[in-house]
Amino acid sequence: MSDLIPGNGNYTPTNVLAKQGVTAVGGIAGGVVLMIIRALPSFLGIIAGLVVGVVGLGGVLSKDPDDRKPGLLAAAAGGLAILSRAPIKPISALSGTLLGISALGLLVMGIWNGIKFIKGLKGRS
């Protein structure tokens, strides 16, 4: 019976593959967006931070529990983007560093899930 399953038992279920693919795209896109926000001039960075924060609050207030955690992360990233433009140097330096670490973490998470997604797809063939 195991010879009927593609990949000799290394078959990744469709729902797991879908979740890995979405997480990969979201992580890479989120990391790139945070890097762009961090590189923007002060005024544009504050506006972009507000937009990301408002979108994140929309996710936090969502009825779907799967939207709340990403919404909270987006709201926190928006807050960090705004604080990184604060006129108080220690606060702006700390929040700018945390924003950079967050961007790098999202990129690493996205790439890792992308690798798992590709391995899962190869296991199906």
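Going by the structure above, here's the rest.
From a predicted model like this one, the values you see are computed outputs, not experimental measurements.

About the criteria used
Residues numbered from 1 in each chain as written. Predicted model: local features only at pLDDT ≥ 70, side-chain atom pairs only at ≥ 80, totals over all residues. Heavy atoms only, no water. 1 Å grid on protein atoms, 1.4 Å probe; cavity = no way out; pocket = protein on both sides within 12 Å on 5 of 7 lines; lining within 4 Å. Points joined across faces, edges and corners; volume = space filled by probe spheres on them. Nonpolar A, V, L, I, M, F, W, Y, C, P; charged D, E, K, R; others polar. Helix = DSSP H or I, 4+ residues; strand = E, 2+ residues; numbered from the N terminus. Contact = heavy atoms within 4.5 Å. Patch = residues over 30% accessible without salt bridge, like charges linked within 9 Å, V, L, I, M, F, W, Y side chains within 5 Å. Areas by Shrake-Rupley, 256 points an atom, 1.4 Å probe, with all protein chains shown as cover. Salt bridge = Lys/Arg side-chain N within 4 Å of Asp/Glu carboxyl O. Core = buried A, V, L, I, M, F, W, Y, C linked by side-chain atoms within 4.5 Å. Buried < 20%, exposed > 50% of the residue type's maximum accessible area, 1.4 Å probe, protein only.

The next thing to look at is the layout of surface pockets. Roughly 870 Å³ of internal volume is contained in the largest pocket. Forming the boundary of the largest pocket are 22 residues, of which G26, P70, L73, L106 and M109 lie nearest the centre. When its residues are assigned to classes, the lining of the largest pocket shows 13 nonpolar, 6 polar and 3 charged.

When you line up the elements, Q20 lands in helix 1 (residues 14-39). Every residue in contact with Q20, bar those within four places of it in the chain, is listed here: N113, K116 and F117.

Once that is clear, we can look at a nonpolar patch on the surface. The grouping of I28, V32, I36, I111, W112 and I115 at the surface amounts to a nonpolar patch, some 550 Å² of accessible area in total. Tracing the backbone through its elements, the reader meets W112 in helix 4 (residues 89-124).

Right, let's talk about the nonpolar core for a bit. Counting residues in hydrophobic clusters, the biggest one holds 8 residues: L34, I37, A48, A77, L80, A81, L99 and A103. Those elements giving two or more residues to this core turn out to be helix 1, helix 3 (65-83) and helix 4. Take this core: its biggest share by element is 3 residues, from helix 3. When sequence neighbours within four positions are dropped, the list of residues in contact with I37 reads G45, A48, V52, A81 and R85.

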